[in-house]
Amino acid sequence: MEHGLHSEVTAAEFGVALLMLTAIVIYMNASVVSGKRNRKWPLYRIFLWILGVLAIGAVCIGPLASRAHSDFTVHMFNHLLIGMLAPLLMVLSSPVALLLRSLSVASARKVAGILKSRLVYFMGHPITAAILNTGGLFVLYTTDLYFLMHDYFLLYVLVHFHLFAAGYLFTASIIYIDPVAHRVGFLYRAIVLVTALAGHGLLAKLIYADPPETVLKSQAEAGSMLMYYGGDAIDAVLIIVFCYQWFISARPRQTVPEGGFK
Amino acid sequence: MVATNDGAKAYVNGKNRKLYSTRNLWSGVLFGLGLAAFVDETVFHQLLHWHHFYDQSTSNIGLVSDGLFHAFSWFATIASLFLFADLRRRDAFWLKRWLGGLFFGTGAFQLYDGTIQHKLLRLHQIRYNVDILPYDVAWNIIALILLIIGGILLWKTRKLPERTGS
């Protein structure tokens, strides 16, 4: 049993490594294609994309992944990586804009059509994204799900996919790096962001007091504090980018001084 | 927008201050809230270990209030600095009014923390296993002093002083 589970994980690890490599190659290829047609795609974005993919990789393969099963503090570190840091890095690398630029005009129009659809509007709305993101975490840590996912491999994969996807959706719905068809106002997004941040902190304290079954008290306390303060650290970057975008959009209109510009 | 001499600059700044008086106030208040929350977190939680992360005797509504307040003050710290930059960009920064807001915000946080969060919602106490009364009294008196300083500064900057010579 032990051996069987191990080899299963190894095969999965190989699959993940392949996926990661593919993600990097596709992104880099798209940036070359786009660079030939338009302006050069910024190098820092490629860098952010690679870092984001590596952050996911660190959660899925290697020592962090294997220790997360038995150590709740490591699990929480992984949660920050896959649910917050990787999404933030990847949103900042602006993959949708790159996709639109590197596709042919006809295909880009189709993608733009999808982006404008009602489904994308609904899913990408800050409130939907916040519920999927923070709500998903509440389900994970306050029900038996955390306990169960360590017994069922498929569930484990699904939960981690959800952590990443919901984190990405939420980050993208708060800071508009990529083109967004249906924009929501700054104040609206600020309120959703503060509420979601509050929910995250609240959940951290609940875990401190009442950790999932089978989690040691000491690990639950260390893990929940990591979730609380680590979440703050990553959210600070999100808040800075958000406020910066607000700052730029609220810049005073240039008025012509008496006697014209000098 | 292009000022040619100091007199004109002061004139423009004076006009803009009046226009953005409220924004000066809010930038100060939000920064004050954030600053107080930051000092509370680093000094009393992390350095002195007087406060607890969570002391298990907190009501649910206390936890929710704490979570919202923490998130809001974290956001306010950063947002207030962008507001500050915005005032500088518009040449409308008014130090005295901003400081008035700062003291007011810090005092308001301190008083709210010391009365509602500590006593009413019983989130946590200032210290544990000691006679709490002197701590509570000192905490809230400091809060009142900060509020009064803020109040005086805000009162004094409620309108612009008459300018002479510009």
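For the structure itself, consult the block above.
Residues numbered from 1 in each chain as written. Chains lettered and ligands numbered in written order. Predicted model: local features only at pLDDT ≥ 70, side-chain atom pairs only at ≥ 80, totals over all residues. Heavy atoms only, no water.

Asker: Explain the overall build of chain B to me, and be specific about the residues and the numbers.
Answerer: Summing up its helical and strand segments, chain B has five helices and zero strands in all. When the helices and strands of chain B are read in sequence order from the N terminus, they spell out α-α-α-α-α. Relative to its length of 166 residues, chain B is extended, with a C-alpha radius of gyration of 19 Å against a globular reference of 15 Å. Here chain B holds 166 residues, and 47% of them are scored as buried. When contacts within chain B are restricted to residue pairs at least 6 apart in sequence, long-range pairs at least 24 apart make up 84% of them. Accessible surface, chain B: about 9000 Å² in total, of which carbon and sulfur atoms supply 68%. Counting 17 positive and 11 negative side-chain charges, chain B places the centres of these two groups 15 Å from one another. (Helix = DSSP H or I, 4+ residues; strand = E, 2+ residues; numbered from the N terminus. Rg over C-alpha atoms; globule rule 2.2 N^0.38 Å. Buried < 20%, exposed > 50% of the residue type's maximum accessible area, 1.4 Å probe, protein only. Contact = heavy atoms within 4.5 Å. Areas by Shrake-Rupley, 256 points an atom, 1.4 Å probe, with all protein chains shown as cover. Lys, Arg positive; Asp, Glu negative; His and termini not counted. Charge placed at Lys NZ, Arg CZ, Asp CG, Glu CD.)

Asker: Describe the packing of helix α8 (residues 126–142) of chain A against helix α10 (residues 153–174) of chain A, listing the residues and the values that go with them.
Answerer: Residues and elements named next belong to chain A. Orientation of α8 relative to α10, taken along the N-to-C sense of each, is 150°, at an axis distance of 8 Å. Comparing the axis directions of α8 and α10 gives the class roughly antiparallel. Seen from above, α8 lies across α10 with left-handed handedness. Two secondary-structure elements touch here, α8 through Pro126, Ala129, Ala130, Leu132, Asn133, Gly136, Leu137 and Leu140 and α10 through Val159, His162, Leu163, Ala166, Gly167, Leu169, Phe170, Ser173 and Ile174. Per-class residue counts for the contact of α8 with α10 are twelve nonpolar, five polar and no charged. (Axes fitted to C-alpha atoms, helices over the stretch in contact; angles between N-to-C directions. Parallel < 35°, antiparallel > 145°, perpendicular 65-115°, else oblique. Left-handed = near helix turned anticlockwise from the far one by under 90°. Nonpolar A, V, L, I, M, F, W, Y, C, P; charged D, E, K, R; others polar.)

Asker: Describe the pattern of salt bridges, with residues and values.
Answerer: Within this structure, the stated rule accounts for six salt bridges over all chains. Put simply, Asp71 of chain A and Arg67 of chain A hold a salt bridge, and the shortest N to O gap is 3.4 Å. For Asp71 of chain A, a relative accessible area of 15% translates into the label buried. The shortest N-O distance in the salt bridge between Asp86 of chain B and Arg89 of chain B comes to 2.6 Å. Note that Asp86 of chain B and Arg89 of chain B are positioned in helix α3 (residues 60–89) at a spacing of three residues, about one turn of the helix. According to the relative accessible area criterion, Asp86 of chain B is buried, its value standing at 5%. Put simply, Arg23, Asp86, Arg89 and Arg90 of chain B are held in one network by salt bridges that share partners. (Salt bridge = Lys/Arg side-chain N within 4 Å of Asp/Glu carboxyl O.)

Asker: Got a sec to walk through a nonpolar patch on the surface? Specific residues and values, please.
Answerer: Residues and elements named next belong to chain B. Judged by side-chain polarity, Leu133, Val137, Ile141, Ile145 and Ile149 come together as a nonpolar surface patch covering roughly 420 Å² of accessible area. If you trace the backbone, Leu133 turns up in helix α5 (residues 133–156). On the accessibility criterion, Leu133 (56% relative accessible area) is exposed. (Patch = residues over 30% accessible without salt bridge, like charges linked within 9 Å, V, L, I, M, F, W, Y side chains within 5 Å.)

Asker: Residues and numbers for the packing of aromatic side chains, please.
Answerer: Counted according to the given criterion, the structure contains 23 aromatic pairs over all chains. Grouped by ring-pair contacts, the aromatic residues Phe186, Phe242 and Trp246 of chain A together with Phe75 of chain B constitute a single cluster. Positioned over the ring face of Phe186 of chain A is Arg189 of chain A, at 4.5 Å from the centre of the ring. (Phe/Tyr/Trp six-rings, centres within 6.5 Å; stacked < 30°, edge-to-face > 60°. Lys NZ or Arg CZ within 6 Å of the ring centre and 35° of its normal.)

Asker: Lay out helix α5 (residues 95–102) of chain A with the relevant residues and their values.
Answerer: Listed in full, the buried residues belonging to α5 of chain A are Pro95, Ala97, Leu98 and Ser102 of chain A. The buried residues of α5 of chain A occupy one face: seen down the axis, they fall within an arc of 160°. (Arc of directions from axis to C-beta.)

Asker: Which residues make up empty space enclosed by the protein, and what values go with them?
Answerer: Residue and element names in this part refer to chain A. Scanning the model with the defined rule gives two cavities of 30 Å³ or more in all. Lining the largest cavity we find 17 residues, and of these Gly83, Met84, Asn133, Phe170 and Asp235 sit closest to its centre. When residues of the lining of the largest cavity are traced back to their parent elements, those giving at least two are α4 (72–92), α8, α10, α11 (186–209) and α12 (217–249). Considering only residue class, the lining of the largest cavity consists of nine nonpolar, seven polar and one charged. (1 Å grid on protein atoms, 1.4 Å probe; cavity = no way out; pocket = protein on both sides within 12 Å on 5 of 7 lines; lining within 4 Å. Points joined across faces, edges and corners; volume = space filled by probe spheres on them.)

Asker: Give me the nonpolar core: which residues, what numbers.
Answerer: Counting 76 residues, the largest nonpolar core has Tyr141, Phe170, Ile175, Phe242 and Cys243 of chain A together with Phe75 of chain B as its most contacted members. Non-local contacts of Phe242 of chain A, meaning those with residues more than four positions away in its chain, are made with Ile174, Ile175, Phe186, Arg189 and Ala190 of chain A together with Phe75 of chain B. (Core = buried A, V, L, I, M, F, W, Y, C linked by side-chain atoms within 4.5 Å.)

Asker: Go over unusual backbone geometry, please, and point to the residues and values.
Answerer: Phi is positive for Thr214 of chain A, which is not a glycine, with a value near 70°. When you line up the elements, Thr214 of chain A lands in the loop between α11 and α12. With a relative accessible area of 63%, Thr214 of chain A lands in the exposed category. Phi is positive for Asp91 of chain B, which is not a glycine, with a value near 55°. Residue Asp91 of chain B is classed as partly exposed on the basis of its relative accessible area, which comes to 32%.

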